[in-house]
Amino acid sequence: MARIHVPIGIRFNELDAYGHVNNAAMLTLLEEARIAVFWSAGDLQVEGVNDNDAPVADTSSATTITLVARQEVEYLAPIPYLREPLDVQLWIGRLGGASLDVCYEIFSPEGAAEPTLFAKAATTVVLVDAASGRPRRITDREREAWAAHVDAPVAFAKRS
């Protein structure tokens, strides 16, 4: 499985009074990484997939929109302000009928002396037909384009 590495910088306005990334800002960081990977030139695709491969969804003619159906974040360590961008790693944890789970692990900047895993997260994205407003199935061609990026879903801590 090939994880996709996305460098995402931290802005001062994302810090809370304690000097670490605010929990609401974390959703923005995840969104930025997801957009950097999935959307390019108007198409929903994955970085690192051959340009001749299918995007995960054909949005070039605005026939498909994507909606976030669910998000979960598990915080493992506070993220302080860092001058170097975080290493956000993404992969697909599940391809369903009309949805997919994007999994993330948010690490300290690449090359850090002591790498830190700050958080784990997952976002369920639903593909929706723009005309009808109803979910639409992921095509076989789209599944093939994503095969190299599918792996086990992110493992969250068990709740008691």
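For the structure, check the block above.
Nothing here was measured: the structure is a model prediction, and the numbers come from that model.

**Q** Break down the overall build of the chain for me, with residues and values.
**A** The helix and strand tally for the chain stands at two helices and seven strands. Helices and strands in the chain line up, N terminus first, as β-α-β-β-β-β-β-β-α. Scored against the burial criterion, the 160 residues of the chain give a buried share of 41%. Relative to all contacts within the chain whose residues are 6 or more apart in sequence, the contacts with residues 24 or more apart total 66%.

**Q** Describe the nonpolar core, and please don't skip the residues or the numbers.
**A** Ranked by internal contacts, the top residues of the largest apolar core, which has 29 residues, are L90 and I106. In this structure I106 touches M26, L30, I79, L86, D87, V88, T116, L117, F118 and A119, once residues within four positions along its chain are discounted.

**Q** Hey, could you go over the side chain of T123 for me, with residue numbers and the actual values?
**A** As for its position among the elements, T123 is in strand β7 (residues 117-129). Under the relative-accessibility criterion, T123 is labelled buried at 0%. Polar contacts involving the side chain of T123 include one to the side chain of R34, which spans 3.5 Å. Separated by 2.9 Å, the side chains of T123 and Y104 make a polar contact. Residues contacting T123, with those up to four places away along its chain left out, are R34, V68, R70, Q71, L100, D101, V102 and Y104.

Criteria and cut-off values
Residues numbered from 1 in each chain as written. Predicted model: local features only at pLDDT ≥ 70, side-chain atom pairs only at ≥ 80, totals over all residues. Heavy atoms only, no water. Helix = DSSP H or I, 4+ residues; strand = E, 2+ residues; numbered from the N terminus. Buried < 20%, exposed > 50% of the residue type's maximum accessible area, 1.4 Å probe, protein only. Contact = heavy atoms within 4.5 Å. Core = buried A, V, L, I, M, F, W, Y, C linked by side-chain atoms within 4.5 Å. Polar contact = N/O pair within 3.5 Å; in protein donor to acceptor, adjacent residues only side chain to side chain.

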